[in-house]
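In case you want the letters, here they are:
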Amino acid sequence: MPETIKGFIGPMPEKIKDLLALARGIWGPDRLTLQEIVVRAQVTLGDLARVARGATKDLGETNAAREREIKKEIGNLIFSSIRWCDDLGLDPQECVNLAIEAQRKFVAENRTR
């Protein structure tokens, strides 16, 4: 049986276009500008940085709670990025394909990372 998303009735989306449709269902048709997207991405990266540095807010959290927070924030980056591509009039699949190509090229040319 496929996993489900809390608050979402139906199977887990399998394709980027399905994730985009889900995101639009959540957030609606309004689009963000590049400036608005960068601010929101920085908030999420800041949340990850807070966990990474062991901020006071996170002291006493269990490893499971810390892992859940990391998963949530990385998931936010992935899921939001799909919508942000669309916000800017870009095809999310094309953006992913370009990233794959760029990462393959980088790894081939840079053995130390």
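Residues numbered from 1 in each chain as written. Predicted model: local features only at pLDDT ≥ 70, side-chain atom pairs only at ≥ 80, totals over all residues. Heavy atoms only, no water.

Asks: Explain the overall build of the protein chain here, please?
Replies: Looking only at helices and strands, the protein chain has four helices and zero strands in total. Put simply, the protein chain has 113 residues, and 23% of those count as buried. Here the analysis covers contacts within the protein chain between residues at least 6 apart in sequence; of these, 58% occur between residues at least 24 apart. When the accessible surface of the protein chain is summed, it comes to about 8800 Å², and 58% of that surface belongs to carbon and sulfur atoms. (Helix = DSSP H or I, 4+ residues; strand = E, 2+ residues; numbered from the N terminus. Buried < 20%, exposed > 50% of the residue type's maximum accessible area, 1.4 Å probe, protein only. Contact = heavy atoms within 4.5 Å. Areas by Shrake-Rupley, 256 points an atom, 1.4 Å probe, with all protein chains shown as cover.)

Asks: Even after reading the chapter, I still don't get helix α2 (residues 34–53), so can you show me in this structure?
Replies: Note on helix geometry: an α-helix contains 3.6 residues per turn, so any two residues three or four positions apart are oriented the same way. An ideal rise of 1.5 Å per residue puts 28 Å on 20 residues; α2 measures up with 28 Å between its terminal C-alpha atoms. Residue Gly54 follows α2 closely and has a positive phi angle near 70°. (Expected span 1.5 Å × (residues − 1).)

Asks: What am I meant to see in the packing of α2 against helix α3 (residues 63–87) here?
Replies: The angle between the axes and the distance between the axes are what describe a pair of packed helices. The contact between α2 and α3 brings their axes to 10 Å, and the two run at 165°. The angle between α2 and α3 places the two elements in the roughly antiparallel class. Of the two elements, α2 crosses α3, and the hand of that crossing is left-handed. Here Ile37, Arg40, Ala41, Thr44, Leu45, Asp47, Leu48, Arg50, Val51 and Ala52 of α2 lie close against α3, whose contacting residues are Arg66, Glu69, Ile70, Glu73, Ile74, Asn76, Leu77, Trp84 and Asp87. When grouped by side-chain class, the residues that make up the contact of α2 with α3 number 10 nonpolar, two polar and seven charged. (Axes fitted to C-alpha atoms, helices over the stretch in contact; angles between N-to-C directions. Parallel < 35°, antiparallel > 145°, perpendicular 65-115°, else oblique. Left-handed = near helix turned anticlockwise from the far one by under 90°. Nonpolar A, V, L, I, M, F, W, Y, C, P; charged D, E, K, R; others polar.)

Asks: What am I meant to see in the pattern of salt bridges here?
Replies: Close approach of charged atoms allows side chains of opposite charge to pair. The full count for this structure, using the stated rule, is eight salt bridges. Close ionic contact of Arg24 with Asp87 constitutes a salt bridge, the shortest N to O distance being 2.4 Å. Residue Arg24 is found in helix α1 (residues 16–27), and its partner Asp87 is found in helix α3; the two are separated by 63 residues along the sequence. Residue class for Arg24 comes out buried when judged on its relative accessible area of 15%. Residue Asp87 is classed as buried on the basis of its relative accessible area, which comes to 9%. For Lys72, the salt bridge goes to Glu73, with nearest N and O atoms at 3.0 Å. When its relative accessible area of 3% is taken as the criterion, Glu73 is described as buried. Residues joined in a network through salt bridges with shared partners are Asp47, Arg50, Glu69, Lys72 and Glu73. (Salt bridge = Lys/Arg side-chain N within 4 Å of Asp/Glu carboxyl O.)

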